[in-house]
Each structure stands twice: as C-alpha cells, then as structure tokens.
Amino acid sequence: MAEIVFKDPHLHINNVDLSDHVRQVTIKYSAEILDKTGGGANSKGKIAGLKDWSMDIEFNQDFAATSVDATLFPLVGAAAFPVLLNPAGDTTGAANPAYTGNAIVGNYTLGGAVGQLATAPVTLEGDGDLLRAVA
C-alpha cells in the first residue's frame, strides 16, 4: 500500500459536513492497561481493559449559519452525536477507511490573535465504540 498525503479529509460532525474547514485532525485510540499480577509472580502481568478514543480537530473558523461555530457551539454540554472521518475523501475503501462513532464535545475554543487566521480547536470525546470500516 502506498503512502498518502493528508489533503482531503472527509469529516461530518452531527451529520454536518465540515470537511472544507478542517486544518488538522488526530484520532487518539487506546486501551486501558490493567495490572493482573497475582501472588508468586516474579514480574507484573498485564491485560487490556476498556478502550477509549478522542478526536482533536482544528478548523478554520466560520460563523455562517451551517458552518463551524453554528455546528459546534450548541454541542457543548449536549448529548452524544455521530462523527464520521475518512482520511482521504468520501469514498470508503481499504485505502480510505471510515472511522465512525458517537462523541461529546470535550472542549471548544473560540478566539485568536488580531491579524491572524481565526481557527477553532475542538476535542471530541468518544461515547462508546470507535468503528473502522473499509466497505
């Protein structure tokens, strides 16, 4: 499989396509590592526990009615919503998996420096499983 240049992420948050505003996106996917060491052991034993995921996204800020701020602001403190990410365009396949799940807003930052591009960093915290599909 060939390497890709990350230039066409396809991202939907709460069923709103914000793909053209994405500057950067990172999925953090992990499993809690639990100590299962019992009596008489000479070394620690480990076992994977519950999985966890989050998504850090930086958007070019946009205050239009169906864009970044109008989508993210009402989600702070709200119920979980669907998230979909394809790293390389909107066609799901072996070379472009779809990552989907439900999330809540961990934090949404407004602001910026005078004279600079307004950006909107947000962290989404997973609520349940992160799924990966190739078809």
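Reading the values: rules and limits
- Residues numbered from 1 in each chain as written.
- Predicted model: local features only at pLDDT ≥ 70, side-chain atom pairs only at ≥ 80, totals over all residues.
- Heavy atoms only, no water.
- Helix = DSSP H or I, 4+ residues; strand = E, 2+ residues; numbered from the N terminus.
- Rg over C-alpha atoms; globule rule 2.2 N^0.38 Å.
- Contact = heavy atoms within 4.5 Å.
- Areas by Shrake-Rupley, 256 points an atom, 1.4 Å probe, with all protein chains shown as cover.
- Lys, Arg positive; Asp, Glu negative; His and termini not counted.
- Charge placed at Lys NZ, Arg CZ, Asp CG, Glu CD.
- Pairing = 2+ DSSP bridges.
- Patch = residues over 30% accessible without salt bridge, like charges linked within 9 Å, V, L, I, M, F, W, Y side chains within 5 Å.
- Salt bridge = Lys/Arg side-chain N within 4 Å of Asp/Glu carboxyl O.
- Buried < 20%, exposed > 50% of the residue type's maximum accessible area, 1.4 Å probe, protein only.
- Core = buried A, V, L, I, M, F, W, Y, C linked by side-chain atoms within 4.5 Å.

Caption draft 1: Region of the structure containing the overall build of the protein chain. What the protein chain contains, in helices and strands, is one helix and eight strands. Going residue by residue from the N terminus, the α and β elements of the protein chain occur as β-β-β-β-α-β-β-β-β. Its C-alpha radius of gyration of 18 Å places the protein chain more than 25% over the 14 Å reference for a compact globule of 135 residues. With the C-alpha coordinates aligned to their principal axes, the bounding extent of the protein chain is approximately 65 × 35 × 30 Å. In the protein chain, 61% of the contacts between residues at least 6 apart in sequence involve partners at least 24 apart. In the form shown here, the protein chain has an accessible surface area of approximately 8400 Å², with 53% of it arising from carbon and sulfur atoms. Separation between the mean location of the 8 positive side-chain charges and that of the 15 negative ones in the protein chain comes to 13 Å.

Caption draft 2: Examining the pairing of strand S7 (residues 119-126) more closely. Sheet topology note: the strand S4 (residues 46-60)/S7 ladder contains seven bridges and is antiparallel. Paired with Met55 across the two strands is Leu124, which belongs to S7. As paired elements, strand S6 (residues 98-108) and S7 share five bridges and run antiparallel to each other. Opposite Tyr108, over in S7, you have Val122 as the bridge partner.

Caption draft 3: Local environment of the environment of Ala80. Note on placement: Ala80 falls in the loop between helix H1 (68-72) and strand S5 (81-86). Along the backbone, Ala80 and Asn15 are 65 residues apart, and their C-alpha atoms lie at a distance of 12 Å. When sequence neighbours within four positions are dropped, the list of residues in contact with Ala80 reads Asn102, Ala103, Ile104 and Asp127.

Caption draft 4: Structural detail: the pairing of S4. Summarising the sheet, strand S3 (residues 22-35) and S4 pair through twelve bridges and their orientation is antiparallel. Counted as the bridge partner of Ile27 is Met55 from S4.

Caption draft 5: Just a nonpolar patch on the surface, in detail. Where nonpolar side chains cluster on the molecular surface, the patch consists of Phe63, Phe73 and Leu110 and spans about 360 Å² of accessible area. Assessed through its relative accessible area of 52%, Phe73 is described here as exposed.

Caption draft 6: Highlighting the nonpolar core. Grouped together as the largest cluster of nonpolar side chains are 22 residues, with contacts concentrated most on Leu11, Ile13, Met55, Ile57, Phe59 and Leu124. Of all the secondary structure elements, the ones that give two or more residues to this core are strand S1 (10-13), S3, S4, H1, S5, S6 and S7. The dominant element in this core, judged by the number of residues it contributes, is S4, at four residues.

Caption draft 7: Focus on the environment of Leu124. Here Leu124 shows up in strand S7. According to the relative accessible area criterion, Leu124 is buried, its value standing at 0%. Taking the C-alpha atoms as reference, Leu124 lies 5.3 Å from Gly106; in sequence the two are 18 residues apart. If we skip the residues at most four places from it in the chain, Leu124 touches Ile13, Ser54, Met55, Ile57, Phe81, Val83, Ala103, Ile104, Val105 and Gly106.

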